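One-letter residues, chain by chain:
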Amino acid sequence: MTDYVPQNTELSWQKAWDDAGIFNVEFKEGNPKFYCLEMYPYPSGKMHMGHVRNYSIGDAVARYKRLMGYDVLYPMGFDSFGMPAENAAIAEGGHPHDITERNMASITEQIKRMGFSYDWRRMVKSHDPQYYRWNQWFFLKFLESDLAYQEFAPVNWCNSCDTVLANEQVKAGRCWRCNGPVIQKEMSQWFLNITEYAQELLDGLETIDFPENVKALQQDWIGRSEGAEIEFGIEGHDNTIRVFTTRPDTLFGVTFLTLAPEHELAEKLVAGTEYESEWKSLHDEIMVMSEFDRIKNMGKKKGVPTGSFAIHPLTGEKIPIWIGNFVIASYGTGAVMAVPGHDDRDFDFAKKYDIPIKRVLVMNEEAGSDDELEAAECDLGWMVNSGLEGFDGLYGDEAKTAVCQALEQQGKGNGTVNWKIRPWLISRQRYWGTPIPIIHCPSCGVVPVPEDQLPVELPRDVIFDGKGNPLETSDSFCNVDCPKCGTPAKRETDTMDTFVDSSWYFLRYTDSMQNDVPFNPEVANHWMNVDFYCGGIEHAQMHLIYARFWTKALRDIGLHNIDEPFNELLCQGMVNKSAPWCNSCGITLHVDYSDQDCPHCDETLAIRSAKMSKSLGNTVSPEEMIEKYGADTVRLFILFAANPTAGMDWSDAALEANYRQMVQLHGMPDSILNWQGQASDIDVWMIARLKQRYNQWQDAMDNYDLRGAVDASHFDLVKDLNWYRRRGGENPEIGKEILDVWCHMISVATPHLAEDWWKIMGNDDLIAGRTFTKPADLTSDEKSALEAETYLRSFLEQARKVAKVAVKHIGGQPESATIHTSRPWKRELAIAAINHVNSGGNVKAFAGILAELPFVNSNNKGEIMGFWGKRMLPQIFKWSDEEKTMICGHLDEGAILSAASGFICSDLGLSSIDIESGVVDVGRSSAAIPLAPSIVYS
RNA sequence: GCGGGGGUUGCCGAGUGGUCAAAGGCGCCGGGCUUAAGAUCCGGUCACGAUGUGUUCGUGAGUUCAAAUCUCACCCCCCGCACCA
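Fair warning: this is a prediction, and the values are worked out from it, not measured in the lab.

**Here we look at the overall build of chain A**
Next up, step 1: What chain A contains, in helices and strands, is 30 helices and 32 strands.
Next up, step 2: Of all 938 residues assigned to chain A, the portion counted as buried reaches 53%.
Next up, step 3: With the model as given, the accessible surface of chain A reaches about 40600 Å², and the carbon-plus-sulfur share is 48%.
Next up, step 4: Side-chain charges of chain A comprise 87 positive and 134 negative groups, with the mean position of each set lying 4 Å from the other.

**Considerations on the sheet that holds strand 31 (residues 912-916)**
Next up, step 1: Strand order in the open sheet made by the three strands is 31-30-32, with mixed pairing throughout. For this open sheet the edge positions go to strand 31 and strand 32 (934-937), each flanked by a neighbour on one side alone. Sheet twist, expressed as the mean angle between neighbouring strand axes with direction ignored, is 20°.
Next up, step 2: Sitting on the sheet, helix 24 (residues 780-810) is in contact with strand 30 (816-820) and strand 32, with an inclination near 35° to strand 32.

**Concerning the packing of aromatic side chains**
Next up, step 1: The final tally for this structure, using the stated rule, is 49 aromatic pairs.
Next up, step 2: Plain terms: the ring middles of F138 and W504 are 4.8 Å apart, the flat faces sit at 90° to each other, and that makes the pair edge-to-face. Residue F138 is found in helix 5 (residues 129-144), and its partner W504 is found in the loop between strand 23 (495-496) and helix 14 (505-509); the two are separated by 366 residues along the sequence. Both residues of the pair, F138 and W504, belong to the buried class.
Next up, step 3: Ring geometry for Y694 against F772: centres 5.6 Å apart, planes inclined by 55°, an arrangement best described as tilted.

**Quick notes on unusual backbone geometry**
Next up, step 1: Residue P455 is reached from L454 by a cis peptide bond, and omega for that bond is 0°.
Next up, step 2: Along the chain, the position of P455 falls in the loop between strand 20 (445-448) and helix 13 (475-478).
Next up, step 3: In the segment running from M528 into N529, the intervening peptide bond is cis, with an omega of 0°.
Next up, step 4: Within the secondary structure layout, N529 lies in the loop between helix 15 (521-527) and strand 24 (530-535).
Next up, step 5: The phi dihedral of D354 falls on the positive side, at around 60°, and the residue is not glycine.

**Focus: the nonpolar core**
Next up, step 1: Ranked by internal contacts, the top residues of the largest apolar core, which has 130 residues, are W650, W697, W742 and L829.
Next up, step 2: Apart from the residues lying within four places of it in its own chain, the contact partners of W650 are M49, V575, N576, K577, M612, V620, M625, F637 and L655.
Next up, step 3: Core analysis: the second largest hydrophobic core is formed by 90 residues, L143, W190, I222 and W432 among them.

**Here we look at the sheet that holds strand 21 (residues 479-481)**
Next up, step 1: Strand order in the open sheet formed by four strands is 20-19-22-21, and the pairing between neighbours is antiparallel. Taken across any chain shown, the strands that pair with only one partner, and hence form the sheet edges, are strand 20 and strand 21. Recorded for the sheet is a direction-independent mean angle of 40° between the axes of neighbouring strands.
Next up, step 2: Of the strand pairs in this sheet, strand 21 and strand 22 (residues 488-491) are connected by three bridges, and their pairing is antiparallel. Within strand 22, the position partnered with V480 by the bridge is A489.

**With respect to the environment of E278**
Next up, step 1: Tracing the sequence through the fold places E278 in helix 9 (residues 276-288).
Next up, step 2: Owing to a relative accessible area of 39%, E278 belongs among the partly exposed residues under this scheme.
Next up, step 3: With 25 residues separating them along the chain, E278 and G303 place their C-alpha atoms 9.2 Å apart.
Next up, step 4: If near-sequence neighbours (up to four positions away) are discounted, E278 is found in contact with G303 and V304.

Basis of the calculations
- Residues numbered from 1 in each chain as written.
- Chains lettered and ligands numbered in written order.
- Predicted model: local features only at pLDDT ≥ 70, side-chain atom pairs only at ≥ 80, totals over all residues.
- Heavy atoms only, no water.
- Helix = DSSP H or I, 4+ residues; strand = E, 2+ residues; numbered from the N terminus.
- Buried < 20%, exposed > 50% of the residue type's maximum accessible area, 1.4 Å probe, protein only.
- Areas by Shrake-Rupley, 256 points an atom, 1.4 Å probe, with all protein chains shown as cover.
- Lys, Arg positive; Asp, Glu negative; His and termini not counted.
- Charge placed at Lys NZ, Arg CZ, Asp CG, Glu CD.
- Pairing = 2+ DSSP bridges.
- Axes fitted to C-alpha atoms, helices over the stretch in contact; angles between N-to-C directions.
- Contact = heavy atoms within 4.5 Å.
- Phe/Tyr/Trp six-rings, centres within 6.5 Å; stacked < 30°, edge-to-face > 60°.
- Core = buried A, V, L, I, M, F, W, Y, C linked by side-chain atoms within 4.5 Å.

Here's what the structure looks like:
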């Protein structure tokens, strides 16, 4: 047998796959297709364990589907625009382009070393002008359809990244990338109106197979809320204030209005009043604050009166107008009608500023309409105190509708839907992204770059000094002639958010080897949508919403006819490794603190599993692992350590165990092909078992239960083979049959090993290029063989247990045993009871039927009744379906035991056994029941 | 506060009403093989008077002939969102 040296063989198999172009796939109409996709990586310098896990999962799925006869589109590319490369250029010198290309080269090599089965020809690189020209082209199309537009508006600005951010990219008031504070800044920016698709994005979630938490995240983000927009007049003013509310049923409880400090009317209303300076200080305080601090301080509600009064649209009451720090300018209308009686926040505010609180709902119909409110009662209730006819007594939706109708009649409001999702701000003031194809002309204004001048390429002659947008330092880029009038003009220097790149790369993959169109609609329609999309949960909001939106937008400009880009999404779990943990401080520490006391509180540190990260120092280098054990072992470990969606703890011990398993598997074909034995009875069992394992494996693969699949293919079958050998099986014909099926099964997770096997088996082709059809169903002989061995194994287990006890009783090692199978009437009784229960009969009622059974007579009736109640009744429910089938079938316990008596003796270390299958009880035979004979050692 | 997911036998982890004292892996223990080690193979790994019985699946109650699994309440952990009107 040759040693397992994957470091050599894996590389040569990878070359063989490459040379044969075995993973290249072409568009063939009518063939069943499967589109397997992983989120394309940002080319940081090295492949990390998260990548390895992600792609090991995807590759297993791709290879499986290929084996099952699908045309599998399985591409790889790079999300190669983005700030890290630009920041590296600023920090270390060099050019983002060169840094990116260099990183891509090294990460590509590492990915290839894993042996993933990509069609590399289809590579998509975001920073390739032949890719991003289409970003620009789409942008122009969106401009035509008004989906893209420019607006001067307050936007999120990250000081440390020197650029604006989309709402999705602000997490808890901080930048998603650098975690720096985000402030508000008024700027002219480009937006895509994703809100036009809000409803479709929400509805679409019902039709796709995304994990629940991702759906919940997206629903939250889209944030649909139904309510009403209501117009309040202002006493002595022509202006009106519009508010949005989800609770029009509480309209009669409004005792004040609150404006956001930056609301356009706020300044007007306080101008020249005693409140002006107070408003000014509140306004300034808020405007300088980062949104993060603002949110942190929102607990402290602050308000300033304006001195002005609004007019209630239905009752005409005068309502004071306030300005509050808790009102967000960008949500709804930036103004809130405050109902302290039925809203917690308004209640607190009213208490603080001594504003009246009015009850206009009761929570049960009997409650008094003037009961004092101890706290806001926010649930739906029955209207009271409306002061107008036709409202009191209405509940919930009915109440809301009635109020909305009244408002509509007066022209003072209407039912409406408000969305949390904002237009997507795509402008970025950074270099390493797609230039926005716009030219600003002093006379013509904003002029789109004509299509035939695309791509607008990024210039090389820029300075990366960390000051402002590098694009502005390129004269050749900035100074152009206006395409309309020919006079000197300036190019737009904003680039696009890099999430634009990842919003359609999956479409490009379907047809990336041409540059005439972004993709051919026919080809895209064939491959799309993505059947299996695998990646990290961190993209649940940004990428996965943008990509869904972009797909729909492209559909609507007629580029394809796909509604949703991704059918099934799988978010792989984190790769964790243990790190020191302080229980009292509740923090995870760097591995340098291992075996020490907590630096903060001096307590002894515990160990806890934490996501692999540089900051904790608990990372494992994939390169080193591959170097040491080979790619297949790493893949096997990753698939076996946990199910794809679960978190996975890295364990060196477990990895080594998997390596040992690989060593053992590696030797399998050699040893099996050396079998010299004859055909034997156990052969049927082995083939049956092989089929059973195959089915188990296929079921698991179909459900993306990769762990279960690997368990069957790489672990269970080894055990089965051991059993076969123990039972005397060594039939070379059977061996060949096993290897053939088995080799296909292992090729999904450990493809290199499978090629080794395939070659040893004498084949010239590559197993990676093969398809496989399911073996025939189990024959009845095979089913019986499975039953017989199951019976034998459970008998041996029982016998061993009993033997331990017997040693104490007989005072030494037993030498022989008498086995009493259960009396035939017990089995008949069991069959009758099983049938009774299976046909829906009540267990308790069976006692009544029992006396009528043919084998029951006056002599044995008492015994049988006693046995039924005490022993058989509970047992009926303990038997598995498989066992019940065995009992009701043709299983002959005595015959099985006789046939295997030699094996039983050697296994239990006995010199002889006696099998007793009589009709009358002798000795301990009364304890036996079907499938569980009694065993007496001597 | 809201939303999503969890708490299983030393550890990881499967398990959606009887198949459950609960798969599999890791760890640990014993045995075979071996000059020996490693690998591999076989067995054990809740307790006890053991062909059985008792106790166990976050806590407490309930439904059922039967609960890790269903219901209710509570506790704890993780992950998002968060004064969204």
